[in-house]
Structures are given as structure tokens and as C-alpha cells.
Amino acid sequence: SQQGEEDPQALSIQEGENATMNCSYKTSINNLQWYRQNSGRGLVHLILIRSNEREKHSGRLRVTLDTSKKSSSLLITASRAADTASYFCATNQAGTALIFGKGTTLSVSS
Amino acid sequence: NAGVTQTPKFQVLKTGQSMTLQCAQDMNHEYMSWYRQDPGMGLRLIHYSVGAGITDQGEVPNGYNVSRSTTEDFPLRLLSAAPSQTSVYFCASSPSHYSNQPQHFGDGTRLSIL
């Protein structure tokens, strides 16, 4: 069964705007990861945040984690057309396999 | 360094046929896994392996077999294809089964069962 659920399912923005995607999960986790999938391609790892971290940055990406609310958010600042893709959160507990959510489809128009 | 390579990229089968989806990685990763991706369902884990000779079932293992005779290869076998197995299949690998490891994905095999 799905552990993480992304929200919204779809998001359309203009270039230069910020995009925020949210992920909620059900059980305690070791870490949470975000992946990007371009159309027709495999998933690419973006960022990993551990359960004892609250915020992490990587370039234009900012990820937050709130373990008390069992939720995470991915912020993409100053979006570009090349950011158009589906974004997935994935979680696992100690010794278990990675479980993915259903994803958010982001469309960035110029 | 090719990463994770999946073959074939596309395949059409008839109901009842069998086939093997190939997955190979050249990064000496211990952990390998197979997912299927269906519209509106996200990725669901089929089988995984924490090392050569060791495999285990994921969320949706029925109708699929795996084996891991070498570190590099992790083939997925469909024993008797059914239309419900029409999907996009992804293979992934990571250095170990520990949870702090990013997964490296292949580009997928698009499988249609008629």
C-alpha cells in the first residue's frame, strides 16, 4: 500500500514562479526522498532528508520535513520549463524497501 | 559507466506468453528492485534483492519471478502474461539496502499484453 501521498496531483505554473508540492505519509520513517520523472524516462533522485532533519536545500530545491505531522514539502524556486516533470516522494522505515507515492505532475509554461 | 540498463524498451505480448525483462547495473550495487508504474497508481514494488542469491517479495509479486545469480543482473520473469500486467516496469539499484541510499533507476520497459 502507498505510504506517501503527494498533493496536489497536478500543478500548472508560469516560468519564474515557485512550485510547492506536499507529501503526507502514514507511519514513522527513517528518511524521506524526493524524485523527479521526466516523460518517458526513469526516476531521478533529487534530495534525501533524514528523520532528524527539518529542512534541506539543494540548488533551487528546498525540502522540509515535519515528523509530528508526518508531512514533507518540496519547493522549487524560480521554476523553468525544464522543471516540467512528475515529482514523487518516497519513504521507508528501517530495513524495509522504499515506498513511493502517486506523484505530482508539474507543468511549467513559458 | 552506463548505470542501470533495462532491455527491451518496448514489448508486446499475447496473453499466456512468458518473457524475461532484463536489468543490469555496472555500479557494483548490492540492492536491486523492480517496480511497476500504472496511471494513477504511482510505483509499486514487485520484488527486490539485497544481494546475490537473496530475493524477497514486494507489494505486488503475484505473476512474477526473480532471481539474482550475480551482483550485476536482476531479471524479472513473467510466467504467463495477463492483460493486468500491462504496465511500465522500472528496475532500480542502490549501494546497499540501508534506507539512506538514493535509488538509481533505468529508463523502463513498456509492456503491453494483448
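To be clear, the structure that these remarks concern was listed above.
All chains use their own residue numbering, which begins from 1 and follows the written sequence. Note on labels: chains are lettered from A, ligands numbered from 1, in written order. Totals for whole chains, interfaces and linings use all residues, but because this is a predicted model, local features are given only for residues with pLDDT of at least 70 and pairs of side-chain atoms are given and counted only at 80 or more. Hydrogens and water are ignored here; the side-chain numbers use all heavy atoms of the structure.

Trainee: I'd love a proper account of the sheet that holds strand β7 (residues 64–66) of chain B, names of residues and values included.
Mentor: Residue and element names in this part refer to chain B. At least two bridges found by DSSP between two strands are what make those strands a pair. In this description a helix means any DSSP run of H or I spanning at least four residues, a strand means any run of E spanning at least two, and both kinds are numbered starting from the N terminus. With respect to topology, four strands assemble into an open sheet ordered β1-β3-β8-β7, the strand pairing being antiparallel. Edge positions in the sheet fall to β1 (4–7) and β7, since each of these pairs with one other strand and no more. Across the sheet, the axes of successive neighbouring strands diverge by a mean angle of 20°, strand direction being ignored. Here strand β3 (residues 19–25) pairs with strand β8 (residues 76–78) via three bridges, running antiparallel. Among the inter-strand pairings, Thr20 is bridged to a residue of β8, identified as Arg77. Axis definition: a line fitted to C-alpha atoms, limited for helices to the stretch in contact. Angles are taken between N-to-C directions and run from 0 to 180 degrees.

Trainee: Could you give me a rundown of the side chain of Ser93 of chain B, with the residues and numbers involved?
Mentor: All names here are of chain B. Of note, Ser93 is situated in strand β9 (residues 87–94). Residue class for Ser93 comes out buried when judged on its relative accessible area of 0%. In the analysis that follows, any N or O atom pair within 3.5 Å is treated as a polar contact, provided that within protein one partner can donate a hydrogen and the other can accept it, and provided that, for residues neighboring in sequence, both atoms belong to side chains. Of note is the side chain of Ser93, whose polar atom sits 2.8 Å from the side chain of His29. Any two residues whose heavy atoms approach within 4.5 Å at even a single point are treated as in contact. If near-sequence neighbours (up to four positions away) are discounted, Ser93 is found in contact with Val4, Gln25, Met27, His29, Tyr31, Met32, Pro102, Gln103 and His104. The classification of residues rests on relative accessible area computed with a 1.4 Å probe and restricted to protein chains. Under 20% of the type maximum is buried, over 50% is exposed, and intermediate values are partly exposed.

Trainee: Describe the packing of aromatic side chains, with residues and values.
Mentor: By convention, a stacked pair of Phe, Tyr or Trp rings (six-membered ring in the case of Trp) has centres within 6.5 Å and planes under 30 degrees apart, an edge-to-face pair has planes over 60 apart, and any other such pair is tilted. For the structure on display, the rule yields eight aromatic pairs over all chains. Here Phe100 of chain A and Tyr35 of chain B contribute two aromatic rings whose centre-to-centre distance is 5.3 Å and whose plane-to-plane angle is 90°, an arrangement assigned as edge-to-face. Of this pair, Phe100 of chain A sits in strand β10 (residues 99–100) while Tyr35 of chain B sits in strand β4 (residues 31–38), which puts the two residues in different chains. The two residues Phe100 of chain A and Tyr35 of chain B agree in class, both being buried. Both rings, one in Phe90 of chain B and one in Phe105 of chain B, keep their centres 6.5 Å apart while their planes meet at 75°; by these two values the pair is edge-to-face. Within this pair, whereas Phe90 of chain B is found in strand β9, its partner Phe105 of chain B is found in strand β10 (residues 104–105), the two being separated by 15 residues in sequence. Like Phe105 of chain B, Phe90 of chain B is buried. A connected cluster of aromatic rings, assembled from ring pairs, spans Tyr35 and Phe100 of chain A together with Tyr35, Phe90 and Phe105 of chain B. A cation sits over an aromatic face here: Arg68 of chain B above Phe74 of chain B, 6.0 Å from the ring centre. In our convention, an over-ring charge means Lys NZ or Arg CZ found within 6 Å of a ring centre and within 35 degrees of that ring's normal.

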